[in-house]
Amino acid sequence: MRFLYDAVLPHNLALEAPAEVAFDRWDGPDVSDADLVRASGERGCRGVILWGRDSLQQADLRDTAQQAGVALVAVEADNPIEAKQRVLKNLSALRRKLQDHDCLLVLANEVRPMGSDSSP
């Protein structure tokens, strides 16, 4: 399973991933969340990882993700290092939930689906 993650998250997230998961860090110029989502789809990623839940509240971003065939994964954390740690800690749950959901929020100890009728 492959993910593209926002450059605001630490570089070493890609280095600390288990072999069955690949993390690609965005290495291009500053782009909008929508452009990052489209790039994720073009790279054949299962999802795009963003820091903060604000992205999940953008209806147009959810539409863009659906069109690109990728999941939105937002990580709620106080800083990018904590966000990286939460992704790695919850990776098994994240992978399981991606089988049924395309919009997820990673918290300290859980991964929560974020459907159109769910509140963040």
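As a convention, each chain's residues are numbered from 1 in the sequence order in which they are written. Only residues with pLDDT of 70 or above have their local features reported here, since the model is predicted, and side-chain atom pairs are shown and tallied only from 80 upward, although totals for entire chains, interfaces and linings are computed over all residues. With hydrogens and water stripped out, all remaining heavy atoms of the structure feed into the side-chain values.

Trainee: I'm lost on helix H3 (residues 59-68) in this one. Help?
Mentor: An α-helix turns once every 3.6 residues. As a result, residues three or four positions apart point the same way. Listing the buried residues of H3 in full gives Leu61, Thr64 and Ala65. Taken around the axis of H3, the buried residues stretch over an arc of 100°, which confines them to a single face. Turned more than 90 degrees away from the buried face of H3, the exposed residues are Ala59, Asp60, Gln66 and Gln67. We call two residues contacting when some pair of their heavy atoms lies within 4.5 Å. Put simply, DSSP H or I for four residues or longer makes a helix, DSSP E for two residues or longer makes a strand, and each gets a number counted from the N terminus. Those residues of H3 that are buried lie in contact with helix H2 (33-42), strand S3 (47-51) and strand S4 (71-75). At the exit of H3 stands Gly69, carrying a positive phi of roughly 75°. Think of it in three bands: with a 1.4 Å probe and only protein chains considered, a residue is buried below 20% of the maximum accessible area for its type, exposed above 50%, and partly exposed in between. Starting at the helix axis, one direction is taken to each C-beta atom, and the arc is that of these directions.

Trainee: I keep staring at the nonpolar core and nothing clicks. Help me out?
Mentor: Note that soluble globular proteins tend to have their nonpolar side chains buried in a common cluster. The term nonpolar core refers to a set of buried residues drawn from Ala, Val, Leu, Ile, Met, Phe, Trp, Tyr and Cys, joined through side-chain atoms within 4.5 Å. Residues Phe3, Phe23, Ile49 and Leu94 are the most contacted members of the largest nonpolar core, which totals 21 residues. Residue assignment for this core shows that the elements contributing at least two residues are strand S1 (2-5), S4, helix H4 (80-89), helix H5 (91-97) and strand S5 (103-106). Residues Leu56, Leu61, Ala65 and Met114 belong to the second largest nonpolar core, which totals 18 residues.

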